[in-house]
Amino acid sequence: MTSSAPRGTRPYYVSVDDEEQVFKAAYRQNMSIVLKGPTGCGKTRFVEAMAYDLGRPLITVSCHDDLTTADLVGRYLLRGGETEWADGPLTRAVREGAICYLDEVVEARQDTTVVLHPLADYRRQLPIERLGETLDAAPGFGLVVSYNPGYQSVLKDLKDSTRQRMVAIEFGFPSPDVEEKIVASEAGVNTDIASALVRLGQAIRRVETAGLREVASTRVLIASGRLIVEGLSMRTAARVAIAGPLTDDALVAGGLIEMIDAYLPDDNVRQGD
Ligand code: ADP
């Protein structure tokens, strides 16, 4: 979990569509926001940039299937023989008027997400059963959740009653020219390398993804770029940062490596050329 008040420079984020406008409009209207899209396509970075623009602290929680309501809301802890209440990240955000970002919210158990309902709608309240209190969200509080629609079973799908309380912003991968700019800037590679990596990424996204849980994201293209900056060849970088992480299946990996060899030169386009 991270919490940071915006300061310094704005997190680098390149707009892909009208998502900034939509986010800010929904936030100003006290509406909760759901970001839908595959992993590594810029959702987290987007929320960081929005929190910065809106001048709000951001509290991020990565959800997982062991996450309990107490993890979000808070619990009594033993400290020096005394029990002491400790706010969870959601409660802190509600008290501070921060933006609370629950990343991959479908990973959390449904009973956990129930606590979000009165917060997500017009009530903007957080009931804390253990304390016998209901907190009104401080001005500035915002609830943002993300999930990856292609990834989880129907069972883990968000409840309709939760979804209908939210404004949805769809994320996809950026267009090639935008993605090239992002890869070049984030990895520190030249345009030729960035554009070769993006072409490879596009090709992987086009093929049937049988055997691939996820397609090649902007994140893995950036990771390859960072290894190229360290002097690895493009093919090696793509093999270890794209093919390896995407699959454990030897056959699928073989297919990806063929694509890597087809799309990337075997000697490097040198940095700065
Ligand atoms: P997600 O939260 O969707 O899994 P991230 O926000 O962590 O994805 O994005 C992965 C990386 O890709 C980021 O660290 C950032 O470097 C880069 N990135 C993706 N999209 C953008 C964008 N539109 N502008 C700037 N950087 C981006």
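Residues numbered from 1 in each chain as written. Predicted model: local features only at pLDDT ≥ 70, side-chain atom pairs only at ≥ 80, totals over all residues. Heavy atoms only, no water.

**With respect to the site of the ligand**
Lining the immediate surroundings of the ligand are 16 residues, of which V14, G40, T44, E186 and R219 lie closest. Between the ligand and G40, the relevant distance is 2.6 Å, taken from an oxygen atom to a main-chain nitrogen or oxygen of the residue. Between the ligand and the protein, one listed contact pairs an oxygen atom with a backbone N or O atom of R45 at 2.9 Å. Burial of the ligand by the protein amounts to 91% of the accessible area it has alone, namely 560 Å². One can see that the ligand is located within the largest pocket. Mapped by element, the contributors of at least two residues to the shell around the ligand are α2 (43-54), α8 (176-187) and α10 (218-229). (Near = heavy atom within 4 Å. Polar contact = N/O pair within 3.5 Å; in protein donor to acceptor, adjacent residues only side chain to side chain. Areas by Shrake-Rupley, 256 points an atom, 1.4 Å probe, with all protein chains shown as cover. 1 Å grid on protein atoms, 1.4 Å probe; cavity = no way out; pocket = protein on both sides within 12 Å on 5 of 7 lines; lining within 4 Å. Sits in = over half its atoms within 2 Å of the grid points. Helix = DSSP H or I, 4+ residues; strand = E, 2+ residues; numbered from the N terminus.)

**Comments concerning the side chain of T247**
Within the secondary structure layout, T247 lies in the loop between α11 (234-246) and α12 (250-263). Of the polar contacts made by the side chain of T247, one reaches the backbone nitrogen of D249; its length is 3.0 Å.

**A closer look at the packing of helix α9 (residues 191-206) against α10**
Here α9 crosses α10 at 145°, and the two axes come no closer than 10 Å. The two elements α9 and α10 cross, and the hand of that crossing is right-handed. Where α9 abuts α10, its residues I193, L197, V198, G201 and R205 lie against T218, L221, S224, G225 and I228. (Axes fitted to C-alpha atoms, helices over the stretch in contact; angles between N-to-C directions. Left-handed = near helix turned anticlockwise from the far one by under 90°. Contact = heavy atoms within 4.5 Å.)

**Some details on the domain arrangement of the protein**
In terms of domain boundaries, the protein breaks down into domain 1 (2-170) and domain 2 (176-263). Of note, the centres of domain 1 and domain 2, computed from C-alpha atoms alone, are 31 Å apart. Contacts between domain 1 and domain 2 engage nine residues on the former and ten residues on the latter. Linking domain 1 with domain 2 are one salt bridge, by the criterion used here. For R45, the salt bridge is made with E186, and the minimal N-O distance between the two is 2.9 Å. Applying the counting criterion to the domain 1 and domain 2 interface returns four residue pairs in polar contact (both at pLDDT 80 or more). (Domains from an automatic or database assignment. Salt bridge = Lys/Arg side-chain N within 4 Å of Asp/Glu carboxyl O.)

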